[in-house]
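Close look at the chain arrangement
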Amino acid sequence: ADQGFLNKFSRQNAALGAEVTMKMTKMRALVVGCTGVAVEVTKNLILQGIGAITLCDAKTAQIADLGANFFLSEADVGKPIAPTLVPKFKELNPFCNIQAVAALTQ
């Protein structure tokens with residue numbers, strides 16, 4: 001692991017151990033529906049150092065979504081939610097591979 005990675009997760013390494021942090025970097029998650037709860041869970045996984053997350057949501061952001069999804073702003077209304085969230089989540093952890101899809105395929 002490079003020095004930037006070690007610095008970012010130094011507190012987690014001290015509390016849980018470097019082995020747990022390294023296991024997190026190998027984990028992947030699929031989040032279906034970018035609702036308020038899903039976005040909170042996604043944020044927490046990214047901050048803990050998960051290796052990859054795929055967001056699946058075909059909806060566009062509505063004004064009503066702004067109350068539950070704190071990563072959305074008025075400028076995002078009318079835009080597809082999942083791809084709009086990717087760069088915002090990427091700011092939290094540049095080591096996490098984050099992608100968006102509109103639908104699940106085989």
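Shown above is the structure to which this text applies.
Below: a short report on this structure. These figures come from a predicted structure and were not determined experimentally. (Residues numbered from 1 in each chain as written. Predicted model: local features only at pLDDT ≥ 70, side-chain atom pairs only at ≥ 80, totals over all residues. Heavy atoms only, no water.)

Some details on the pattern of salt bridges
For the coordinates displayed, the defined rule picks out 2 salt bridges. Close ionic contact of Glu40 with Lys43 constitutes a salt bridge, the shortest N to O distance being 3.3 Å. One end of the pair is Glu40 and the other is Lys43, both in helix α4 (residues 36-48) and 3 residues apart, which spans about a single turn. Of the residues examined, Glu40 reaches a relative accessible area of 31% and is grouped as partly exposed. The shortest N-O distance in the salt bridge between Lys88 and Asp76 comes to 2.4 Å. Here Lys88, found in helix α5 (residues 81-92), pairs with Asp76, found in the loop between β2 (52-56) and α5; they are 12 residues apart in sequence, far enough to count as distant. Relative accessible area serves as the criterion here: at 5%, Asp76 is assigned to the buried category. (Salt bridge = Lys/Arg side-chain N within 4 Å of Asp/Glu carboxyl O. Helix = DSSP H or I, 4+ residues; strand = E, 2+ residues; numbered from the N terminus. Buried < 20%, exposed > 50% of the residue type's maximum accessible area, 1.4 Å probe, protein only.)

Considering the nonpolar core
Nonpolar side chains in soluble globular proteins generally cluster together in the buried interior. Counting 19 residues, the largest nonpolar core has Cys34, Leu55, Leu85, Phe89 and Ile98 as the members making the most contacts within it. Looking at this core, the elements with two or more residues in it are α4, β2 and α5. Every residue in contact with Ile98, bar those within four places of it in the chain, is listed here: Ile46, Ile53, Leu55, Val86, Phe89 and Lys90. (Core = buried A, V, L, I, M, F, W, Y, C linked by side-chain atoms within 4.5 Å. Contact = heavy atoms within 4.5 Å.)

With respect to the sheet that holds β2
Across the sheet, which stays open at both edges, the 3 strands sit in the order β1-β2-β3 with parallel pairing between neighbours. Of all strands in the sheet, those with a lone pairing partner are β1 (28-32) and β3 (97-101), marking the two edges. Along the sheet, successive strands turn relative to each other by an average axial angle of 15°, direction set aside. When β1 meets β2, the two strands line up parallel, connected through 5 bridges. (Pairing = 2+ DSSP bridges. Axes fitted to C-alpha atoms, helices over the stretch in contact; angles between N-to-C directions.)

Things to note about the packing of aromatic side chains
The tally for this structure, following the rule as stated, stands at 2 aromatic pairs. Relative to Phe71, the ring of Phe70 lies with its centre 4.8 Å away and its plane at 40°, an arrangement referred to as tilted. The buried category is assigned to Phe71, whose relative accessible area is 15%. On the basis of an interplanar angle of 55° and a centroid distance of 4.8 Å, the ring pair of Phe71 and Phe89 is categorised as tilted. In this pair, Phe71 is assigned in the loop between β2 and α5 and Phe89 in helix α5, connecting sequence segments 18 residues apart. We note that Phe71, like Phe89, is buried. In this structure an aromatic cluster arises from ring pairing among Phe70, Phe71 and Phe89. (Phe/Tyr/Trp six-rings, centres within 6.5 Å; stacked < 30°, edge-to-face > 60°.)

Topic: the side chain of Thr84
Note that Thr84 resides in helix α5. Since its relative accessible area comes to 12%, Thr84 is described here as buried. A polar contact of 2.6 Å, which involves the side chain of Thr84, links it to the backbone oxygen of Pro80. Setting aside residues no more than four positions away along its own chain, Thr84 makes contact with Leu72, Asp76 and Lys79. (Polar contact = N/O pair within 3.5 Å; in protein donor to acceptor, adjacent residues only side chain to side chain.)

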